[in-house]
Amino acid sequence: MELSIIIVNWNSAEFVSECVKSIREQTTLTYEIIVVDNASAKEDLEQIKARCPEVDLIACHENLGFARANNLGFRHSSSEYVLFLNPDTEVVGPAISTMLGKIKSISNAGVVGCKLLNSDLSVQLSAIQRFPTILNQVLDIEYLQLRWPRCPLWNIAPLLSGDVKLSEVEVISGACMLLRRSVFEQVGMFSEDYFMYAEDVELSYKVSRHGFTNYYVGEASIIHHGGKSSSQQGIGYWATTMRYKAMRQLFRKTRGRLYGAVYRAAMGCAALVRLLLLALAASF
């Protein structure tokens, strides 16, 4: 077995089925797929069992969240390399084989990721990031990132350059993260302090602190439809709130309580400014 692929599901059986189908059709290496289900509806589980009989399905009786569920899947895995993959993704061509080949050739590789594409095949800007600061979070505006992709606040130039060479980056998106088993264990796996969001950022941070380098593989692509679990009815506002809380918690853990408090105040001010600008624009 060359690779363990771990997918966490919550009421997204249709996407899991398409994800597994794309892996099956596009990937020739030997692998196992472990699906950890976070207490989805009964019909969701039945659909996965029927359409994906080859997966190892772990049915949880409660929603463990992203980190705990992925860690649980990891403990059930057996391969030297582990790929954490979102359920709302589809593999494009030999993307997984390409990433695996790269990580095998780099002794100091930490987290390895690839180009993420939106449903319309445009480039997803969150595929790579700089380690978060208050300033780059306040200025997290797509227009600015596209206008100045080389800006050191975010530096997403490798995503848009068309260059397929390997690039050193700071943060890899949790939608697709490939690691050596030994590295994941050495850094303490995903932090279970979060229910969802920020776990991928902290994992990238811990990996770097342990002396490894995170890499972006521009020649490999995966479609990430994005936020399909969190966009379900009644979940959107809660998910947005959880994202900000997770980032504040990350800042408190990595930069101290004062930095976390300043982040909260800065984001509140930024939200007010945006509302004022929207109100002004609406008046015209």
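Remember, predicted model here, so these are calculated numbers, not experimental data.

The rules we used
Positions within a chain are numbered from 1, following the residues in the order the chain's sequence is written. In keeping with the predicted nature of the model, local features appear solely for residues at pLDDT of at least 70, side-chain atom pairs appear and are counted solely at 80 or more, and the whole-chain, interface and lining totals rest on all residues. Hydrogen atoms and water are omitted, and side-chain values are computed over all heavy atoms in the structure. Nonpolar core, defined: a set of buried Ala, Val, Leu, Ile, Met, Phe, Trp, Tyr and Cys residues in which side-chain atoms within 4.5 Å join the residues together. For every residue, the accessible area (1.4 Å probe, protein chains only) is compared with the maximum for its type, and the residue is labelled buried under 20%, exposed over 50%, or partly exposed between those bounds. Only DSSP runs of H or I reaching four residues or more are called helices, and only runs of E reaching two or more are called strands; each is numbered from the N terminus. By definition, residues are in contact when any of their heavy atoms lie within 4.5 Å. Lines fitted to C-alpha atoms define the axes here, with helix axes fitted over just the stretch in contact, and angles between the N-to-C directions of these axes take values from 0 to 180 degrees. In what follows, roughly perpendicular refers to angles from 65 to 115 degrees, roughly parallel to angles under 35, roughly antiparallel to angles over 145, and oblique to any angle outside these ranges. Helix crossings get a hand from a simple test, with the near helix turned counterclockwise from the far one by less than a right angle marking a left-handed crossing and a clockwise turn marking a right-handed one. Whether two strands pair comes down to DSSP finding at least two bridges between them.

## Regarding the nonpolar core
Turning to step 1, where the next piece is worked out: Residues I7 and M99 are the most contacted members of the largest nonpolar core, which totals 84 residues.
Turning to step 2, where the next piece is worked out: In terms of residue count, the dominant contributor to this core is helix α10 (residues 236–255) (six residues).
Turning to step 3, where the next piece is worked out: Excluding its chain neighbours within four sequence positions, the residues that come into contact with M99 are L83, V112, G113, C114, C176, L178, V217, A220 and I222.

## Overview of unusual backbone geometry
Turning to step 1, where the next piece is worked out: Unusually for a residue other than glycine, Y197 sits at a positive phi of about 75 degrees.
Turning to step 2, where the next piece is worked out: Relative to the helices and strands, Y197 resides in the loop between α8 (181–186) and α9 (199–209).
Turning to step 3, where the next piece is worked out: The backbone of A198 sits at a positive phi, close to 75 degrees, despite the residue not being glycine.
Turning to step 4, where the next piece is worked out: Mapped onto the secondary structure, A198 falls in the loop between α8 and α9.
Turning to step 5, where the next piece is worked out: With a relative accessible area of 6%, A198 lands in the buried category.

## Points about the packing of helix α1 (residues 13–26) against helix α2 (residues 42–51)
Turning to step 1, where the next piece is worked out: Viewed as axis vectors pointing N to C, α1 and α2 meet at an angle of 20 degrees, and their least axial separation amounts to 9 Å. Put simply, α1 runs roughly parallel to α2. The way α1 lies across α2 gives a crossing that is right-handed. Residues A13, E14, V16, S17, E18 and R24 of α1 form the contact with α2, whose participating residues are D44, Q47, I48 and R51.

## Looking at the pairing of strand β4 (residues 81–85)
Turning to step 1, where the next piece is worked out: Of all five residues that make up β4, five are buried, and the element is covered over most of its length.
Turning to step 2, where the next piece is worked out: Alternating positions in β4 separate into two faces, Y81, L83 and L85 on one and V82 and F84 on the other, with burial throughout.
Turning to step 3, where the next piece is worked out: Pairing of strand β1 (residues 3–9) with β4, which is carried by five bridges, proceeds in the parallel orientation. When the sheet's bridge partners are listed, I5 is paired in β4 with L83.
Turning to step 4, where the next piece is worked out: Pairing analysis gives five bridges linking β4 to strand β10 (residues 176–180), with the strands arranged antiparallel. By the bridge assignment for β10, L83 is matched with L178.

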